[in-house]
Amino acid sequence: MEHLKIESDNYVAFTFFIGTMAMMAASVFFFFELSNTSPKWRTSVLVSGLITFIAAVHYYYMRGYNLETGDSPTFFRYVDWILTVPLMCVEFYLITKKAGAKIGLLWKLIVASLVMLITGYFGETIDRDNSVLWGILSGVAYFYIVYLIWFGEVAKLAQSAGPQVTKATRILGWFVLVGWAIYPLGYILGTPGGLFGIQLVSDPAAATHAMDIVYNIADAINKIGFGLVIYSLSRKTED
Ligand SMILES: *C/C=C(C)/C=C/C=C(C)/C=C/C1=C(C)CCCC1(C)C
């Protein structure tokens, strides 16, 4: 079996490698901590582990794919997101369920996240020429999620679920508002010719590399960070 070397200046391959390791380590941590997590929070911590585990499997694949071909593994990137982002929505539902969150709220979050990702996928692959339009549609769905979490149903339910859940929801809200906003930046970087007249990187190969690095960093921050917020919530509340 041939072993491909990661050259020291290959930052794309390097971040795929580190991403794989980080997602694996985080999954082991969340899964092992389940046994000393109170039953009330166990499902939430389990979902944290599932998010990083699904990402670990995709990163393992994407790492190899990128190393062998030098290309961006866009399809599996989106397969990963389509599985993990709805699970992040499930986390909001789970922590506000005690305060009366309805399954309808979960569906709103899931459908909005799917619209956000499917339109983004169209803009990145199938319909490159209209990437501005797809990017805007995706952005609308994104802001709807931000709205639900900061001002809508999620915020209201969190408030009635008590101070700990309110605080955790606020921090998760920052992840969604700031951490998730890194992704459109990657999208703009990777779009040929730039978006809205913004062309950050002119060489097409370099643009794709920049996009992958930005996505890889964002994934590590958001998936592991999200899980850790849930984890610390599970340690704080006693009952
Ligand atoms: C673990 C993966 C996560 C949290 C992925 C999140 C992805 C996004 C928030 C993507 C958003 C996009 C836009 C808001 C506009 C441009 C297209 C996307 C799909 C990059």
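So, here is what we can say about the structure in this document. (Residues numbered from 1 in each chain as written. Predicted model: local features only at pLDDT ≥ 70, side-chain atom pairs only at ≥ 80, totals over all residues. Heavy atoms only, no water.)

Re the nonpolar core
- With 63 residues, the main nonpolar core has Phe-92, Leu-109, Met-116, Ile-145, Val-176, Trp-180 and Phe-226 as its most contacted residues.
- It is helix α3 (residues 74–96) that provides the largest number of residues to this core, a total of 11 residues. (Core = buried A, V, L, I, M, F, W, Y, C linked by side-chain atoms within 4.5 Å. Buried < 20%, exposed > 50% of the residue type's maximum accessible area, 1.4 Å probe, protein only. Helix = DSSP H or I, 4+ residues; strand = E, 2+ residues; numbered from the N terminus.)

Describing the layout of surface pockets
- Put simply, the largest pocket is a space of about 470 Å³.
- Taken together, 24 residues form the lining of the largest pocket, with Met-116, Ser-138, Trp-180, Tyr-183 and Pro-184 sitting closest to its centre.
- Mapped onto the lining of the largest pocket, the elements with two or more residues apiece are α3, α4 (103–126), α5 (131–150), α8 (182–190) and α9 (204–236).
- Tallying contributions element by element places α5 first for the lining of the largest pocket, with six residues.
- Within the lining of the largest pocket, the residues separate by chemical class into 17 nonpolar, five polar and two charged. (1 Å grid on protein atoms, 1.4 Å probe; cavity = no way out; pocket = protein on both sides within 12 Å on 5 of 7 lines; lining within 4 Å. Points joined across faces, edges and corners; volume = space filled by probe spheres on them. Nonpolar A, V, L, I, M, F, W, Y, C, P; charged D, E, K, R; others polar.)

What to know about a nonpolar patch on the surface
- A cluster of nonpolar side chains, Ile-103, Trp-107, Val-111 and Val-115, forms an exposed patch at the surface whose accessible area comes to about 390 Å².
- Relative to the helices and strands, Val-111 resides in helix α4. (Patch = residues over 30% accessible without salt bridge, like charges linked within 9 Å, V, L, I, M, F, W, Y side chains within 5 Å. Areas by Shrake-Rupley, 256 points an atom, 1.4 Å probe, with all protein chains shown as cover. Salt bridge = Lys/Arg side-chain N within 4 Å of Asp/Glu carboxyl O.)

So, the pattern of salt bridges
- For the structure on display, the rule yields six salt bridges.
- Across the pair Glu-33 and Arg-235 runs a salt bridge, and its minimum N-O distance is 3.4 Å. Of the two residues, Glu-33 is situated in helix α1 (residues 11–33) and Arg-235 in helix α9; the sequence distance between them amounts to 202 residues.
- Look at Glu-33 and you get buried, because its relative accessible area is 17%.
- Notably, a salt bridge pairs Arg-77 with Asp-212, separated by 2.7 Å at the nearest N-O pair. In this pair, Arg-77 sits in helix α3 while Asp-212 sits in helix α9, placing the two residues 135 residues apart along the sequence. You'll find Arg-77 and Asp-212 in the same group, each marked buried.

Focus on the site of the ligand
- Around the ligand there are 18 residues in total, and Val-85, Met-116, Ser-138, Tyr-183 and Lys-223 lie nearest to it.
- In isolation the ligand exposes 530 Å². Once the protein is present, 99% of that is buried.
- The cavity that encloses the ligand is the largest pocket.
- Those elements that place two or more of their residues in the shell around the ligand are α3, α4, α5, α8 and α9.
- The element contributing the most residues to the shell around the ligand is α3, with five residues. (Near = heavy atom within 4 Å. Sits in = over half its atoms within 2 Å of the grid points.)

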